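# Overview (structure and organization)
Chain by chain, the residues:
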Amino acid sequence: MKIGIDVGGTNTDIVLIDDQNQIAYMKKIQTSFSVEESILLGIQLLLQELKILPEQISEVSIGTTHALNALLSGEGLLPTGLIRIASNRPRLSLAAGIPKRLQEAFIVGGALISGGFECDGRTLAPFSEDELLLAVDQLLMKNAKGIALVSTFGSLYPEHEIRAEEIIKKYYGSSLFLTKSHIFGGIGFVDRENAALINTALFSPITVGFTKLEEALSKLKIAPRSIFLV
């Protein structure tokens with residue numbers, strides 16, 4: 001059996017899907033101050049009312065507003081740096097389109113290094129490992145905990161973003177959270193850059209939120225491996 005939970009600002013909805021993929025139970029409760037408390041209460045009510053053992057639950061999918069709340073408040077976001085791999089030197093301000101208030105909440109700086117592609121796949125310039133390492137060091141000095149990697153036409157030709165990630169992991173291990181813009185698709189440079197920056201910034205609140213949810217569900221003896229945050 002599977003449990004689906006949607007935590008809203010006012011109400012939390014709980015649904016049980018049985019082994020035949022049919023809705024077997026639905027309940028709505030008021031959302032408390034703590035998202036984790038609302039989820040825990042909802043599952044407890046479901047288990048008690050239907051007399052179901054925690055071991056019978058194979059999966060828990062949870063929709064929360066962790067990410068939205070973090071963006072709205074600007075709190076708890078991961079300090080993020082930007083590395084543009086773009087020898088064409090695009091005349092775009094850093095994080096164009098992201099509100100200044102939000103930029104100030106998580107963006108620590110940016111750097112431009114050699115590389116990137118033309119739309120037909122030709123390289124704008126050779127990728128520079130030395131420039132990359134210097135850029136990372138400069139962002140670390142500004143307290144960056146995560147880096148967004150954005151290459152010109154990276155959605156079509158992601159090689160330089162992938163290479164940059166490999167080099168950073170080689171020299172810095174897992175100390176930095178990295179986002180490659182090409183995984184979001186789309187040719188537009190600004191949209192990919194903003195998506196990569198926001199994804200990086202949300203690593204912290206999502207990780208904290210997921211950890212808390214795991215802890216809450218483990219109290220009910222529901223295996224953490226069955227939990228999905230959506």
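Presented here is an overview of the structure given in this document. Predicted, not measured: the structure shown is a model, and the values here were computed from it.

For the protein, the helix and strand inventory stands at seven helices and nine strands. Put simply, the protein has 230 residues, and 45% of those count as buried. In the protein, the proportion of contacts linking residues at least 24 apart, taken out of those at least 6 apart, comes to 67%. Roughly 11,900 Å² of accessible area belongs to the protein as shown, and the carbon and sulfur atoms make up 55% of that amount. Looking at the protein, you have 21 positive and 25 negative side-chain charges, and the mean spots of the two groups are 3 Å apart.

As a further point, take the pattern of salt bridges. Pairs can form between side chains of opposite charge whenever their charged atoms are close. The final tally for this structure, using the stated rule, is 10 salt bridges. The partner of Asp120 in a salt bridge is Arg122, with the nearest N and O atoms 2.8 Å apart. Between Arg163 and Glu166 there is a salt bridge; the shortest N-O distance is 3.7 Å. With Arg163 and Glu166 both in helix 5 (residues 159–172) and three residues apart, the pair spans about one turn of that helix. The partly exposed category is assigned to Arg163, whose relative accessible area is 38%.

Inspection of every chain in the model, using the stated rule, returns two aromatic pairs. Where Phe177 meets Phe203, the ring centres are 4.1 Å apart and the plane angle is 15°; that geometry is what we call stacked. Of this pair, Phe177 sits in strand 8 (residues 177–180) while Phe203 sits in helix 7 (residues 203–218), and the two are 26 residues apart along the sequence. In this structure Phe177 comes out as partly exposed when scored by relative accessible area, which is 22%. The partly exposed category is assigned to Phe203, whose relative accessible area is 35%.

Reading guide: rules and limits
- Throughout this document, residue positions are counted from 1 along each chain, in the order its sequence is written.
- Since the coordinates come from a predicted model, pLDDT governs what is reported: local features require at least 70, and pairs of side-chain atoms require 80 or more to be given and counted, while whole-chain, interface and lining totals use all residues.
- Based on all heavy atoms of the structure, the side-chain values leave hydrogens and waters out of the count.
- Every helix listed is a DSSP run of H or I at least four residues long, and every strand listed is a run of E at least two residues long, numbered separately from the N terminus.
- Relative accessible area decides the class of each residue, using a 1.4 Å probe on protein chains only: under 20% of the type maximum gives buried, over 50% gives exposed, and in between gives partly exposed.
- In this analysis, two residues are considered to be in contact whenever any of their non-hydrogen atoms come within 4.5 Å of each other.
- Method for areas: the Shrake-Rupley scheme with a 1.4 Å probe, in which residue coverage is limited to the protein chains shown.
- Under this rule, positive means Lys or Arg and negative means Asp or Glu; His and the chain ends count for nothing.
- Charge coordinates come from a single atom per side chain, which is NZ of Lys, CZ of Arg, CG of Asp or CD of Glu.
- What counts as a salt bridge is simple: a side-chain nitrogen of Lys or Arg found within 4 Å of a carboxyl oxygen of Asp or Glu.
- Within 6.5 Å between ring centres, the rings of Phe, Tyr and Trp (the latter by its six-membered ring) count as paired, and their orientation is classed by plane angle as stacked under 30 degrees, edge-to-face over 60, tilted in between.

Honestly, it's all geometry; don't read function into it.
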